[in-house]
Amino acid sequence: MNSRQFKDVLYEQFARISKALAHPKRLELIDILSQGERSVEALAQVTHISIASTSQHLQTLKAAQLITTRKEGLYVYYRLADMQVNKLWVLIRDLGGKKLADVDQVIQNFLKDRQQFESVSAEELLTLLQKGDVIVLDVRPTLEYEQGYIKGALSVPLDKLEKYLSKIPKSKTIVAYCRGPHCVMSFDAITIMKTKGYRHAIRLDEGLPEWRLRGYPVEQIN
């Protein structure tokens with residue numbers, strides 16, 4: 001093998017990664033799996049595609065060694081191969097936001113009424129947690145919370161938030177977070193809290209995956 005053949009073979013192998021990611025639904029699957037492992041049935045439900053199509057996309061990602069599986073009884077559970085896959089997705093997402101005007105326009109159009117809300121960075125939230133000056137609410141579904149959450153955060157799924165608010169004094173600073181910067185659950189949580197008179201309700205400008213990538217403290221139940 002000469003140097004040209006070596007390079008051709010090498011770059012062909014690297015291209016397997018980009019080919020596997022070159023579909024919007026496969027990127028969405030990577031995004032969902034960054035929260036924790038899921039069955040194909042659960043992934044199909046979240047992505048609104050058939051189980052057969054979901055399975056095909058998962059097999060493509062698995063062939064590129066971006067995800068792995070474990071079997072429990074009759075069910076197969078999928079998860080990211082490692083944190084590098086999560087980091088790759090965050091890089092793609094952030095690069096798209098910076099370089100593609102269409103991405104920014106879509107975000108602006110959908111979130112324009114929500115972007116008035118105050119937000120806090122991961123670094124700022126870590127400082128608040130260390131001082132004990134904040135109540136942190138994880139408004140994702142319970143399963144996602146159990147698979148990993150910001151240390152000290154309380155699990156309050158969005159659909160249960162209104163009932164839970166009676167336990168929180170309005171004088172407290174409250175930070176809500178969900179799956180990531182484009183996840184609308186935290187925006188909706190702040191909307192609910194603002195309408196209920198919680199003037200100090202703010203949102204984390206990222207989500208659990210970004211928090212974890214920074215090496216900040218994370219806990220899990222199972």
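Up top you'll find the structure we're talking about.
This text gives an overview of the structure that appears in the document. The model shown is predicted, which means the values in this text are computed figures rather than measured ones.

As for the pairing of strand β3 (residues 75-80)
Then, in step 1: Taken together, the two bridges between strand β1 (residues 38-39) and β3 define a ladder with antiparallel strand orientation. Following the sheet pairing, S39 is matched in β3 by Y77.
Then, in step 2: In this sheet, β3 lies alongside strand β2 (residues 67-72) in antiparallel orientation, the contact comprising six bridges. Paired with E72 across the strands is Y75, a residue of β3.
Then, in step 3: Two successive antiparallel strands, β2 and β3, enclose a turn made up of two residues, where G73 displays a positive phi of approximately 65°.

Overview of the layout of surface pockets
Then, in step 1: When its volume is computed, the largest pocket comes out at roughly 640 Å³.
Then, in step 2: Elements with a minimum of two residues in the lining of the largest pocket: α2 (24-33), α5 (83-99), α6 (101-111), α10 (184-195) and α11 (208-213).
Then, in step 3: Taken together, the residues of the lining of the largest pocket break down into 15 nonpolar, seven polar and five charged.
Then, in step 4: Estimated volume of the second largest pocket: approximately 240 Å³.
Then, in step 5: Residue lining of the second largest pocket: 13 residues in total, with L33, Q35, G36, E37 and R212 positioned closest to the centre.
Then, in step 6: Elements with a minimum of two residues in the lining of the second largest pocket: β3 and α5.
Then, in step 7: Considering only residue class, the lining of the second largest pocket consists of three nonpolar, seven polar and three charged.

Observations regarding α10
Then, in step 1: Over its twelve residues, α10 extends 17 Å from the first C-alpha to the last, a length consistent with the 16 Å expected when each residue adds 1.5 Å.
Then, in step 2: Those residues of α10 that fall on the buried side of the exposure criterion are M185, S186, F187, A189, I190, I192 and M193.
Then, in step 3: Following α10 by one or two positions, G197 has its phi on the positive side, about 90°.

Analysis parameters
Residues numbered from 1 in each chain as written. Predicted model: local features only at pLDDT ≥ 70, side-chain atom pairs only at ≥ 80, totals over all residues. Heavy atoms only, no water. Pairing = 2+ DSSP bridges. Helix = DSSP H or I, 4+ residues; strand = E, 2+ residues; numbered from the N terminus. 1 Å grid on protein atoms, 1.4 Å probe; cavity = no way out; pocket = protein on both sides within 12 Å on 5 of 7 lines; lining within 4 Å. Points joined across faces, edges and corners; volume = space filled by probe spheres on them. Nonpolar A, V, L, I, M, F, W, Y, C, P; charged D, E, K, R; others polar. Expected span 1.5 Å × (residues − 1). Buried < 20%, exposed > 50% of the residue type's maximum accessible area, 1.4 Å probe, protein only.

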